[in-house]
Amino acid sequence: MRIQFKYDLGSQNTFRLKVSCECFVEYDTLKELEGLNFDALPKPILHIGEGSNLLFRGDFPGTVLHSNIEYIKYVDIGLDEVPVMLGSGVTFDSFVAEACRHGLWGAENLSMIPGEVGAAAVQNIGAYGVEVADIISGVVCYDLKERKKVKFSRQECRYGYRSSIFKQPEFKGRYIVTSVLFRLSRKPAPNLGYKGLEEALGGVVPTTPTQVREAVIALRDSKLPDPCKIGSAGSFFKNPVVSAEQFARISPDASAPHYRLPDGTVKVPAAWMIDSCGLKGRSVGGARVWEKQPLVIVNSDGRATAEDILSLEKQIIDSVWERFGVTLEPEVEHI
Ligand code: EPU
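About the cut-offs
Residues numbered from 1 in each chain as written. Predicted model: local features only at pLDDT ≥ 70, side-chain atom pairs only at ≥ 80, totals over all residues. Heavy atoms only, no water. Helix = DSSP H or I, 4+ residues; strand = E, 2+ residues; numbered from the N terminus. Contact = heavy atoms within 4.5 Å. Polar contact = N/O pair within 3.5 Å; in protein donor to acceptor, adjacent residues only side chain to side chain. Core = buried A, V, L, I, M, F, W, Y, C linked by side-chain atoms within 4.5 Å. Buried < 20%, exposed > 50% of the residue type's maximum accessible area, 1.4 Å probe, protein only. Near = heavy atom within 4 Å. Areas by Shrake-Rupley, 256 points an atom, 1.4 Å probe, with all protein chains shown as cover. Nonpolar A, V, L, I, M, F, W, Y, C, P; charged D, E, K, R; others polar. Domains from an automatic or database assignment. Pairing = 2+ DSSP bridges. Axes fitted to C-alpha atoms, helices over the stretch in contact; angles between N-to-C directions.

> Explain the environment of Asp-59 to me, please; I cannot follow it from the model alone.
Among the secondary structure elements, Asp-59 is positioned in the loop between strand 4 (54–55) and strand 5 (60–67). In sequence terms Asp-59 and Leu-17 are 42 residues apart; their C-alpha atoms lie 9.9 Å from each other. Those residues in contact with Asp-59 that lie beyond four places of it in its chain are Lys-18, Val-19 and Ser-20. Within the structure, the side chain of Asp-59 is placed 2.9 Å from the backbone nitrogen of Ser-20, a separation counted as a polar contact.

> It is not clear to me how the nonpolar core should be interpreted in this structure. Could you clarify?
Across soluble globular proteins, you tend to see nonpolar side chains buried next to one another. Phe-92, Phe-95, Val-139, Phe-152, Phe-166 and Phe-182 are the most contacted members of the largest nonpolar core, which has 46 residues in total. Listed by contribution, the elements that provide at least two residues to this core are strand 7 (81–87), helix 2 (92–101), helix 3 (117–123), strand 10 (136–143), strand 11 (148–153), strand 12 (175–185) and helix 5 (209–223). Counting residues in each nonpolar core, the second largest holds 34 residues, with Phe-15, Ile-250, Leu-279 and Ala-306 among its members.

> Explain the side chain of Glu-331 to me, please; I cannot follow it from the model alone.
Mapped onto the elements, Glu-331 comes out in the loop between helix 8 (306–324) and strand 20 (333–334). A distance of 3.2 Å separates the side chain of Glu-331 from the side chain of Arg-162, its partner in a polar contact. Not counting residues within four places of it along the chain, the set of residues in contact with Glu-331 comprises Asn-53, Gln-123, Arg-162, Ser-235, Phe-236, Phe-237 and Lys-238.

> Looking at this structure, how should I read the site of the ligand?
As a structural note, the neighbourhood of the ligand is formed by 23 residues, with Tyr-128, Tyr-161, Tyr-194, Ser-235 and Asp-275 the closest of them. One of the side-chain nitrogen or oxygen atoms of Tyr-194 is found 2.6 Å away from an oxygen atom of the ligand. Expressed as a share of its isolated accessible area of 820 Å², the protein-covered part of the ligand is 84%. Among the secondary structure elements, those contributing two or more residues to the shell around the ligand are strand 8 (126–127), helix 5, strand 13 (231–235) and helix 7 (270–276). A class-by-class count of the residues in the shell around the ligand yields 11 nonpolar, five polar and seven charged. Shared between two domains, the shell around the ligand takes at least three residues from each, and those domains are domain 2 (72–185) and domain 3 (231–334).

> Whenever I open this one, the sheet that holds strand 17 (residues 283–284) confuses me. Can you help?
Within a beta sheet, neighbouring strands are joined by backbone hydrogen bonds and run either parallel or antiparallel to one another. Overall, antiparallel pairing links the four strands, which are arranged 13-19-18-17 in an open sheet. Each edge of the sheet is formed by a strand with only one pairing partner; in this case those strands are strand 13 and strand 17. When strand 18 (residues 287–289) meets strand 19 (residues 296–299), the two strands line up antiparallel, connected through three bridges. Following the sheet pairing, Val-289 is matched in strand 19 by Ile-297. Of the strands in this sheet, strand 17, strand 18 and strand 19 are in contact with helix 8, which crosses strand 18 at around 30°.

> Help me understand the environment of Phe-182, please; the structure alone is not making it clear to me.
Positionally, Phe-182 belongs in strand 12. Among the residues examined, Phe-182 registers a relative accessible area of 0% and is labelled buried. Expressed as a C-alpha distance, the spacing of Phe-182 and Gly-203, which sit 21 residues apart in the sequence, is 29 Å. If we ignore the near neighbours within four places in the chain, the residues touching Phe-182 are Val-82, Pro-83, Val-84, Leu-86, Phe-92, Phe-95, Val-117, Val-132, Ile-135, Ile-136 and Ser-137.

Below, the structure written as structure tokens:
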């Protein structure tokens, strides 16, 4: 375990904002976490993964915790379904890459999503028609209130679009995810429903998850900024869900891209709304709306401040509200 004070969080947030925290704690095992004297740590306490979905508004006055629990354990007993237990500090994409190499299906559509396993299970990350909840069987946490280990079944995690019980106001900050149980499949189970994925595969029916992974990587490369070169936090906003009547007002001829949900509501891509407002490339200071996918705000010159990003966020929310009567909600967590 490492405990550091006045710690620079520049490399702990993918927006690459220059911020610091009072205290930074990295632990390697659940035992170390259990042994930590929380009462003595500067408050508030914030647990982060790779910091790929966070916007620090400024220096953090409390303690930032980070898991270095990094193990991958396959429970392969020769059945079609292969349970895999992972420590919360494993980089999510290294798990996806390894699963694909082993010919195990289920995670391939989630290729190259930045972040770590613990945060993935909190945030219910998703891409190309798959959400991580689809392949999670259970989550193990440390309960900061009761100071003990607790297990959640997938149902108990109450997963929804980019949400889970761990993000609900009454539980937020209470549970620290320490490991996640996934179930992958040895049987081919390609999920190619997402627009563009079949074309990216060049019409080939994939026989290995690696083929799907490569197509997903090519698609992401064509739209999203390269995290090694430019700071961002991926999608900045959630895709709004509107009523059927509201959608008819937004797009009377229904020509706007949309997905009708089973309950009659309609999900409309925020990227399309932002694009329709002519905001691609709009910038404030060092913050800019990414031209190839306007749902993403980037730190274009590495010098963006939280104020630049917040001011651009406000311009986008106001423009979309004025044009469509819809209030965009940020997906990125503001700290
Ligand atoms: N669109 C435009 N103009 C553009 C770009 C997109 O009009 O410049 C429209 C297109 O009609 C397109 C639609 O927006 O069909 C949706 O775009 P895209 O397929 O890129 O997906 P998204 O809904 O904007 C979501 C996730 C992404 C994920 C992609 C792919 C959210 C908030 N975002 O974006 O997740 O990679 O689907 O599955 O759900 C992330 O969460 O950080 C993230 C990048």
